[in-house]
Amino acid sequence: MARCTSDYDQVRRYDSSDHWSLLTRMHGSVFPRVMIPCALNVALVCTVIYLKEARGIDLTYSDKGHIYTSTIVSFLLVTRTSIAYSRFMEARSGLASCMRSCRELMQHVVTFTRNEHGERSKKWRFDLARKTIALLRFVVSVLKFGSCGTHAWRIPALTFTEKSALMEAVGEDNERSPMILAMFIRSTIASHVVFLDTPLHVNKELKLYLCVSDFVKGYHQLMALIDAPLPFPLIQMNKCFLIIWIFTLPLVLHSDGMGTFSTLLAVFFMTYAFLGLELVSVQMDDPYGDDPTDIDVLGKAKDIFGDMYDCIHDIDGPEVSKRLRAYFSIQEMHDMDQSSIDNAIHTGRRQESGEYQPRRLNDTPNHRSLPTEYALRISMVKSPDAGDEKSKIMEQVKDTVKPYWESGQTN
């Protein structure tokens, strides 16, 4: 499955032997962001020189203090950068663990049930794939919450019962949502004795549970990094020393007998070096943000989704795979306006009154009609954060699709 975003690939893929390209490329570089501080410091040098030579006002002082404090600043900056890089790589490792376990779960499911072709077996695999994809999408929502602000309960593809249970258990606590869905997946795995003609051997069942356990382990590793950021005193001391040291350089270097041009060059490149490293560390502090160098979490997740679609396509055919894609093919709900939501709800009500004959996702009576499914998901996703308003919209959707629940036409 093709990745939708390419910014991450453009930054990640570079030729270290192409020196000119590395020096001049701006995409993903901190150079544009550090140019303003560099220009300010150069302007400060010009001001100091002008006041000293034209006005007789000497603001410079001895450089002995800067010589001693430069060791402290360098130590703090190097320590800060090293810790940020270690945490960045640990975040990548935890995310890779989560994605690997989801991919392996579906591959093992398809392998272990290769000879199961009944409708109940297909339903079991379909539900397991749907919940696994939703689980990984939940993780993306949790990791991107700081930059996107999307709550996990707004993710499509969960049934109304599952979303109701999720909100009842954790509310809008994003970090706990994947744990509840992991429990749903474990319950679905345990139901193989009901859906499969030949229940899984205990060792195969344990292997599936182990994949879920590996996911939980990787997710806890990610949450540990989010819940325990770098110590605030270290960050504060580093920034304090760095800013004071950098922006007092013009007062020190010109007193050392350096020429005007030499002072300008020294101040510019020292500002670029020290503040550039600090900005790199700041970017690595949040590896799931929107910076070009951040991890493309959603793009990597979509690669896993594509593998899962292929697994279902391989064992259950293209129709089931298309149904699975349909759960996740709705456009991101925060990109839709309120009129789209109202139209979807109105369509669902027309179904209820018999004025509109919906197009089915498939020919079986065990799935919601497409407009009703849209009305339910869009209303759930676009519900405002206020509890009373959210409950009101949920009740509205419940009334809209109630006849379909009672007739057994929903999951």
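Every chain's residues receive numbers from 1 upward, in the order its sequence appears when written. A pLDDT threshold of at least 70 governs which residues receive local features in this predicted model, and a stricter bar of 80 or more applies before side-chain atom pairs are shown or counted, although totals over entire chains, interfaces and linings include all residues. No hydrogens and no water enter the side-chain calculation; it runs on all heavy atoms of the structure.

K.L.:
Would you explain the overall build of the chain in this entry?
P.N.:
Secondary structure counts use DSSP, requiring at least four H or I residues in a row for a helix and at least two E residues in a row for a strand, with both numbered from the N terminus. A tally of regular secondary structure across the chain gives 18 helices and 0 strands. Looking at the chain as a whole, 45% of its 411 residues qualify as buried. Here, residues are in contact when the closest pair of their heavy atoms is within 4.5 Å. Residue pairs in contact within the chain that sit at least 24 positions apart in sequence constitute 75% of those at least 6 positions apart. With an accessible surface of roughly 20,600 Å², the chain has 58% of that area assigned to carbon and sulfur atoms. We call a residue buried when its accessible area falls under 20% of the maximum for its residue type, exposed when it is over 50%, and partly exposed in between, using a 1.4 Å probe and counting protein chains only. Computed by Shrake-Rupley with a 1.4 Å probe, the accessible areas treat only the displayed protein chains as cover when residues are assessed.

K.L.:
What should I look at first to understand empty space enclosed by the protein in this one?
P.N.:
To find leftover empty space, one rolls a probe the size of a water molecule over the atoms. Lining residues are defined by having an atom within 4 Å of a point belonging to a cavity or pocket. Those points lie on a 1 Å grid over the protein atoms alone, cavities being sets where a 1.4 Å probe fits but cannot get out and pockets being open sets with protein on both sides within 12 Å along at least five of seven lines. Grid points are joined across faces, edges and corners, and a volume is the space filled by probe spheres set on the points. One pass over the structure, following the stated rule, counts 2 cavities of 30 Å³ or more. Here the largest cavity is characterised by a volume of approximately 40 Å³. As for the largest cavity, its lining consists of S101, C102, L105, L135, I185, C211, V212 and F215. Considering only residue class, the lining of the largest cavity consists of 7 nonpolar, 1 polar and no charged. In this count, Pro and Cys sit with the nonpolar residues alongside Ala, Val, Leu, Ile, Met, Phe, Trp and Tyr, while Asp, Glu, Lys and Arg are called charged and the others, Gly among them, polar.

K.L.:
What should I look at first to understand the environment of P292 in this one?
P.N.:
For P292, the location among the structural elements is in the loop between α13 (260-285) and α14 (297-316). Considering only alpha carbons, one finds P292 and G28, 264 residues apart in sequence, at a separation of 5.2 Å.

K.L.:
For this particular structure, what's the right way to read the pattern of salt bridges?
P.N.:
Every case where a carboxyl oxygen of Asp or Glu lies within 4 Å of a side-chain nitrogen of Lys or Arg is listed as a salt bridge. Per the counting criterion, the structure on display carries 8 salt bridges. The shortest N-O distance in the salt bridge between E278 and R80 comes to 3.8 Å. Here E278, found in helix α13, pairs with R80, found in helix α4 (residues 64-112); they are 198 residues apart in sequence, far enough to count as distant. R80 gets classed as buried once you look at its relative accessible area, which sits at 1%. For R80, the salt bridge is made with D285, and the minimal N-O distance between the two is 2.7 Å. Taken as a pair, R80 in helix α4 and D285 in helix α13 lie far apart in primary sequence, 205 residues in all. In this structure, a network of salt bridges that share partners links the residues R80, K239, E278 and D285.

K.L.:
Please clarify how the side chain of T81 should be interpreted in this entry.
P.N.:
Here T81 shows up in helix α4. Looking at T81, its side chain comes within polar contact range of the side chain of S281, at 3.1 Å. Not counting residues within four places of it along the chain, the set of residues in contact with T81 comprises L277, S281 and M284. Polar contact is the term for a pair of N or O atoms within 3.5 Å; when the atoms are in protein, one must be able to donate a hydrogen and the other to accept it, and sequence-neighboring residues count only if both atoms are side-chain atoms.

K.L.:
What is the right way to read the packing of α4 against α14 from this model?
P.N.:
Geometry of a packed helix pair, given as the angle between the helix axes and the separation of the axes. For every element, the axis is a line fit to its C-alpha atoms; helices are fit only across the contacting stretch, and the angle between N-to-C directions ranges from 0 to 180 degrees. Running from N to C, α4 and α14 cross one another at 5 degrees; their axes reach a closest spacing of 9 Å. Taken together, the axes of α4 and α14 are roughly parallel relative to one another. Every residue of α14 that contacts α4 at L95, M99, C102, R103, M106, Q107 and V110 is listed here: V297, K300, A301, I304, D307, M308, C311, I312, D314 and I315. Across the contact of α4 with α14, the residue classes break down as 12 nonpolar, 1 polar and 4 charged. Working definition: roughly parallel below 35 degrees, roughly antiparallel above 145 degrees, roughly perpendicular at 65 to 115 degrees, and oblique for all remaining angles.

K.L.:
I tried to follow the packing of helix α5 (residues 119-143) against α14 on my own but got confused; where do I start?
P.N.:
Closest axis-to-axis distance for the α5/α14 pair is 10 Å, and the angle between their directions is 175 degrees. The angle between the axes of α5 and α14 places the two elements in the roughly antiparallel class. On α14, the residues that touch K122, R125, A129, T132, I133, L136, R137, V140 and L143 of α5 are V297, L298, A301, I304, F305, M308, Y309, I312, I315 and D316. Along the lines of polarity and charge, the residues of the contact of α5 with α14 split into 14 nonpolar, 1 polar and 4 charged.

K.L.:
Explain the nonpolar core to me, please; I cannot follow it from the model alone.
P.N.:
Across soluble globular proteins, nonpolar side chains have a tendency to be buried as a group. In terms of nonpolar packing, the biggest core is built from 54 residues, with L105, L143, F215, L222 and V297 touching the most fellow members. Those elements that place two or more of their residues in this core are α4, α5, α7 (160-170), α8 (177-190), α10 (202-227), α14 and α15 (318-327). In terms of residues, this core owes the most to one element, α5, which gives 13 residues. With residues near it in sequence (within four places) discarded, L222 still touches A91, G94, L95, C98, V139, L143 and Y288. Definition used in this section: a nonpolar core is a set of buried Ala, Val, Leu, Ile, Met, Phe, Trp, Tyr and Cys residues joined via side-chain atoms within 4.5 Å.

K.L.:
How should α7 be read in this particular structure?
P.N.:
Working note: α-helix, 3.6 residues per turn, so residues spaced by three or four point in the same direction. Within the sequence span of α7, burial applies to F160, E162, K163, L166, M167 and V170. Along α7, the residues classed as buried sweep out an arc of 160 degrees about the axis, all on the same side. Summarising the geometry of α7, the exposed residues directed more than 90 degrees from the buried face are T161 and E168. The first or second residue beyond α7 is G171, which carries a positive phi of 65 degrees. The arc under discussion is defined with respect to the helix axis, by the directions toward the C-beta atoms.

K.L.:
Where do I start with the confidence of the model for the chain in this structure?
P.N.:
For any part of a model where pLDDT is low, the fine detail of the predicted coordinates should not be relied upon. Looking at any residue, its pLDDT shows the predictor's confidence there, from 0 to 100. Averaged over the chain, the pLDDT score is 76; the fraction of residues at 70 or greater is 72%. Element-level mean pLDDT values for the chain span from 40 in helix α17 (residues 370-381) up to 93 in α10. Within the model, pLDDT remains below 50 along residues 330-352, and this stretch shows 39 contacts once partners closer than five positions in the same chain are excluded. Contacts from residues 355-387, a stretch scored under 50 in pLDDT, to residues over four places away or in other chains number 91 contacts.

K.L.:
For this particular structure, what's the right way to read the packing of aromatic side chains?
P.N.:
A ring pair, where both rings are aromatic, is described by two values, the distance of the centres and the angle of the planes. Pairs were defined over the aromatic rings of Phe, Tyr and Trp, the Trp ring being its six-membered one, requiring ring centres within 6.5 Å. Orientation was assigned from the angle between planes: stacked under 30 degrees, edge-to-face over 60, tilted for the rest. As enumerated under the stated definition, the model contains 4 aromatic pairs in all. Ring geometry for F31 versus Y272: centroids 5.5 Å apart, planes at 65 degrees, classification edge-to-face. Of the two residues, F31 is situated in helix α3 (residues 31-54) and Y272 in helix α13; the sequence distance between them amounts to 241 residues. Here Y272 falls in the partly exposed class, since its relative accessible area comes to 30%. Relative to F269, the ring of F268 has its centre 5.2 Å away and its plane inclined at 85 degrees; by these criteria the two rings are edge-to-face. Two limits define a charge over a ring: the Lys NZ or Arg CZ must be within 6 Å of the ring centre, and within 35 degrees of the ring normal. Above the face of the F195 ring, R120 is positioned so that its terminal group lies 4.9 Å from the ring centre.

K.L.:
Would you take a moment to explain the side chain of E116 for this structure?
P.N.:
Its location among the elements puts E116 in the loop between α4 and α5. We count Lys and Arg on the positive side and Asp and Glu on the negative side, and we leave His and both chain ends out. Despite its burial, E116 pairs with no opposite charge; the closest candidate is R125, at 6.2 Å N-O. Leaving out residues up to four positions away in the same chain, E116 has contacts with S121, R125, L196, D197 and T198.

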